[in-house]
Protein chains: 2
Amino acid sequence: MRDVYLIGIGQTKVTKNAGIRGRYMAEEAINRAVAHAGIELKQIGMLVTGNMTAGRLTHQQQLGALHADVVGLRGVEAATVEAACGSGAAATRWGVMAVGGGFHDVAVVCGSERMTHACLDDTTAALATAADWELEGINGESFISLNARLMKRYMHTYGVTSEDFGHFAITAHENGFTNPNGFLHKKIDMETYLNSRMLVDPVKLLDAPPVCDGAAAVILATEEVARAAHRQGLPLIKIAGSAIGTDSLALDSRRDMMVLEGVVLSTRRVMEQAGIKHEDIDIFELHDAYTIITSLSLEAAGFAEKGKGVHFGKNGEITRTGKLPISTFGGLKSRGHPVGATGVYQLVETYMQLTGTAGENQVPDPEFALTQNVGGTGATVVSHILQRCS
Amino acid sequence: MRDVYLIGIGQTKVTKNAGIRGRYMAEEAINRAVAHAGIELKQIGMLVTGNMTAGRLTHQQQLGALHADVVGLRGVEAATVEAACGSGAAATRWGVMAVGGGFHDVAVVCGSERMTHACLDDTTAALATAADWELEGINGESFISLNARLMKRYMHTYGVTSEDFGHFAITAHENGFTNPNGFLHKKIDMETYLNSRMLVDPVKLLDAPPVCDGAAAVILATEEVARAAHRQGLPLIKIAGSAIGTDSLALDSRRDMMVLEGVVLSTRRVMEQAGIKHEDIDIFELHDAYTIITSLSLEAAGFAEKGKGVHFGKNGEITRTGKLPISTFGGLKSRGHPVGATGVYQLVETYMQLTGTAGENQVPDPEFALTQNVGGTGATVVSHILQRCS
């Protein structure tokens, strides 16, 4: 296996624009990433797209080949990867294998999702395909109701209240306020959080991510290509770890509903690959789609004890200057969650942090960052560790 | 890169059964493949599923994680790959990278599709997502109408008649008649072919594949694992080549509508990898979804001159004892075309041919076989070369 480097990033502003067209959103993100990396199209051997809902909501599949064609890469190896809301990072995982395994020297990974053109009922139904249809979806469970089940169980098991989750949302909105590519630009306080509309008890509006559109792209390359780009002035960011862990789709089939086993496995694998410990991680871009997932992720990833994740960060540990910054550009909650694109946005933002180009959102001098993208309520969990090399 | 071997196969009978459940169809195929390979579940590090329509027609995504869980592999790396009708082989391509690149020693690839439970209009609409929605689908083009455009253009350009395509369908049905896992068991002659119902002029019912359900699986492994299985009596079948080529989705955007550029690229790449020439290929399991695709594939793959593909095989060259057998178990036309599963069925059947276990469908003593799985009307083309090692 060869080392893999992240040599270019591109993103569109996360938005809600029914008039936007998916392929041009992807084109914009990919073109920016290619330009950023300073490579020529002919160097690119593969394009992988992560997407969840296009077949259902925009009647379009084969996005891999489509995006390759749109950006002038017609002919290259291309395909689409799907792992529900974890699609973007799962696509990246394939890209890492393609470059790391010696199949291509340069690969483009694009995450893209367009959801706001459909009526909300259709979008809700499309997102519910991430759940186990026979055991959950068919019984009327939606993505929100499943997260509500998790949250209610957590509150009951550990004796915490809705208010205990508020600081996750407040921190995300604080960070998202200065992200020019983010969707929601609104600071909130505990009162706003507590008064936000109840969606499915106990999940309130400010516990959940917004429905939105967006595309992001990264360029993966060999050390040789990365060092050539480095000589042209680009930073050197290595993919020190890349792993997928899985679990049952249905919550009731889990060994312990309060443990995200996919997060446990994925984190363990990626940290073993990188050869680092928890204390080495300077940023954790986790999948904060719902505040309950933030809490459970902090526990399963090993940053908090079981039942204590919800309290982690109440003293500022998760802010940009804290011990373990999360959601540094607003996370899924405020930057937005265009599902199949989210995992790639996480990598784009992490790259910016590690290269000191995060502007107002900069975390002080990070070296290792862990990104984690979750499909469904935890059935597919994709983690990457990015390392700044000097 | 390490050599990759195909060490086990499994398939379900292709069927039309609205009552069948997708996950158990996949489970059956995977369990058979695992049992065939004689490996233990703990040896398997990854599961990739190829699927096209489940998100839309069965409200189920994350099939990778779902199938892993159903077969007792909960926790392993898993995801879904989509490339329309080319999904099965595209998933295999990822499996090849995972094993060949040194990421896993054993990977399972499953292709699965369940389509007959939906009403035909929904299935037709789901299949149309393989086309370019903005340029084709939105104008009412279906998969059949696009193939009709290709066929009409071909007939006009080269001055051939509908009758000229008949021998492809006749050969497929002849071979499918003795395939116990096939869907259609009906021999046809030229009269039956010519009298079959017109779907979209000039595509007749017997130019097109049936809508059906099915799942197939293969086990990919390193040489070390394959040699261990070999010592237990299993044959040694190497993946001598694996490649994807792409083209525009929309027919009107092609450089030459009469040349499947994705087939040209994919075939060239896979043959370079295998280091073999056209005359070395003993079987060509091509993507005979429509008789026009058979014709264009034979040309673009380099087995017939441009405009002459339709005449190839009129003298028996494509039968099981001919110079270049195709559709040896009935192909997409008679074995059936459960779209995301088709590419894996091709590998399963080719394995049987190369190992001399094809029964009545056996081709005499083949050493090299080329499989080719096509997404849409040629936008994503995935080729594999399998080699019998002694």
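Quick notes on the rules
Numbering of residues starts from 1 in every chain and runs along the sequence as written. Chains carry letters and ligands carry numbers; both start at the beginning, A for chains and 1 for ligands, and go up in the order they are written. Confidence filtering applies because this is a predicted model: local features only for residues at pLDDT of at least 70, side-chain atom pairs given and counted only at 80 or more, and all residues used for totals across whole chains, interfaces and linings. The side-chain numbers reported here are obtained from all heavy atoms of the structure, hydrogens and water having been left aside. Contacts between residues were defined by any pair of non-hydrogen atoms, one from each residue, lying within 4.5 Å. Buried area: the accessible area, evaluated with a 1.4 Å probe, that two parts lose upon being put together, summed over both parts. Whenever a carboxyl oxygen of Asp or Glu lies within 4 Å of a side-chain nitrogen of Lys or Arg, that contact is scored as a salt bridge. Polar contact is defined as a pair of N or O atoms within 3.5 Å, subject to the rule that within protein one atom must be able to donate a hydrogen and the other to accept it, and that residues adjacent in sequence are counted only when both atoms are side-chain atoms. Put simply, DSSP H or I for four residues or longer makes a helix, DSSP E for two residues or longer makes a strand, and each gets a number counted from the N terminus. Three classes are used, and their members are as follows: Ala, Val, Leu, Ile, Met, Phe, Trp, Tyr, Cys and Pro are nonpolar, Asp, Glu, Lys and Arg are charged, and the others, Gly among them, are polar. DSSP-based pairing: two strands are paired if at least 2 bridges between them are found. Only protein chains enter the accessibility calculation, which uses a 1.4 Å probe. A residue is then buried if its area is under 20% of the maximum for its type, exposed if over 50%, and partly exposed in between. What sets the superposition is a least-squares fit of C-alpha atoms, and only residues with pLDDT of at least 70 in both copies go into it. By definition here, a helix of n residues has an expected span of 1.5 Å times n minus one. Here the bounds of each domain stem from an automatic or database domain assignment.

Asker: Let's hear about the interface of chain B and chain A: which residues, and what values?
Answerer: The interface is formed by 61 residues belonging to chain B together with 60 residues belonging to chain A. Here chain B meets chain A over a buried area of about 5,100 Å², counting both sides, of which 49% is carbon and sulfur. There are 10 salt bridges connecting chain B and chain A. In this structure, Arg74 of chain B and Asp247 of chain A form a salt bridge, with 3.8 Å as the shortest nitrogen-oxygen distance. Linking chain B to chain A there are 34 residue pairs in polar contact (both at pLDDT 80 or more). Listed by contribution, the elements that provide at least two residues to the side of chain B that touches chain A are helix 1 (22-37), helix 2 (54-57), helix 3 (63-70), strand 3 (77-82), helix 4 (87-100), strand 8 (236-246) and helix 10 (261-274) of chain B. Sort the elements by how many residues they give to the side of chain B that touches chain A and helix 4 of chain B lands first, with 7 residues. Of the residues in the side of chain B that touches chain A, the class split is 27 nonpolar, 20 polar and 14 charged. With 3 bridges joining them, strand 3 (residues 77-82) of chain A and strand 3 of chain B adopt antiparallel strand pairing. Opposite Val81 of chain A, over in strand 3 of chain B, you have Val81 of chain B as the bridge partner.

Asker: Break down the side chain of Thr294 of chain B for me, with residues and values.
Answerer: Residues and elements named next belong to chain B. Inspection of the secondary structure puts Thr294 in helix 11 (residues 291-300). According to the relative accessible area criterion, Thr294 is buried, its value standing at 1%. When residues no more than four places from it in sequence are discounted, the contact partners of Thr294 are Phe168, Leu286, Asp288 and Ile326.

Asker: Account for the relation of the copies chain B and chain A, naming residues and giving values.
Answerer: For the match of chain B to chain A, the screw axis carries a shift of 0.0 Å, the RMSD comes to 0.0 Å, and the turn is 180 degrees. The two molecules are tied by a two-fold rotation axis, judged by turn and shift. Closest approach to the rotation axis among the C-alpha atoms of chain B is made by Gly101 of chain B, whose C-alpha sits 1.8 Å away.

Asker: Give me the lowdown on helix 6 (residues 143-158) of chain A, citing residues and values where you can.
Answerer: All names here are of chain A. An ideal rise of 1.5 Å per residue puts 22 Å on 16 residues; helix 6 measures up with 23 Å between its terminal C-alpha atoms. By the burial criterion, the buried members of helix 6 are Phe143, Ser145, Leu146, Asn147, Ala148, Leu150, Met151, Tyr154 and Met155. Summarising the contacts, the buried residues of helix 6 are in contact with helix 5 (120-127), helix 8 (190-195), strand 5 (198-200), strand 6 (203-204) and helix 11 (291-300). Taking the backbone nitrogen of Ile144 as reference, a side-chain oxygen 3.2 Å away marks Ser142 as the first, capping residue of helix 6.

Asker: Describe the domain arrangement of chain A, listing the residues and the values that go with them.
Answerer: Residue and element names in this part refer to chain A. Segmenting chain A into domains produces domain 1 (4-119 + 211-237) and domain 2 (140-210 + 239-389). Taken residue by residue, the interface counts 45 residues in domain 1 and 40 residues in domain 2. For the pairing of domain 1 and domain 2, the buried interface totals around 3,200 Å² over both sides, and the portion due to carbon and sulfur atoms is 69%. Area buried by domain 1 at its contact with domain 2 is led by Gln11, Cys85 and Ile237, which between them contribute 22% of it. Taken together, the links from domain 1 to domain 2 amount to 0 salt bridges. Run the count over domain 1 and domain 2 and you get 11 residue pairs in polar contact (both at pLDDT 80 or more). Within the side of domain 1 that touches domain 2, the residues separate by chemical class into 26 nonpolar, 14 polar and 5 charged.

Asker: Describe in detail helix 10 (residues 261-274) of chain A, supporting the description with residues and values.
Answerer: Residues and elements named next belong to chain A. Here helix 10 is 14 residues long and its end C-alpha atoms lie 20 Å apart, about the 20 Å a rise of 1.5 Å per residue gives. Along helix 10, the positions that sit buried rather than exposed are Gly262, Val263, Val264, Leu265, Ser266, Thr267, Val270, Met271 and Ala274. Buried residues belonging to helix 10 abut strand 8 (236-246), helix 11, strand 10 (368-375) and strand 11 (380-389). Looking one or two places after helix 10, you find Gly275, whose phi comes out positive at around 65 degrees.

Asker: Explain the pairing of strand 10 of chain A residue by residue, including any values.
Answerer: Residues and elements named next belong to chain A. In terms of residue burial, strand 10 counts as a mostly covered element, since 8 of its 8 residues are buried. Side chains Phe368, Leu370, Gln372 and Val374 of strand 10 all project onto a buried face; the interleaved residues Ala369, Thr371, Asn373 and Gly375 project onto the opposite face, where all are buried too. As judged from the 3 bridges shared by strand 9 (residues 283-285) and strand 10, these two strands associate in the parallel manner. Along strand 10, the bridge assignment pairs Glu285 with Thr371. Of the pairings in the sheet, the one linking strand 10 to strand 11 comprises 8 bridges and is antiparallel in character. Bridged to Ala369 within strand 11 is Leu386. Between the antiparallel neighbours strand 10 and strand 11 lie 4 residues, among them Gly376 with a positive phi of about 65 degrees.

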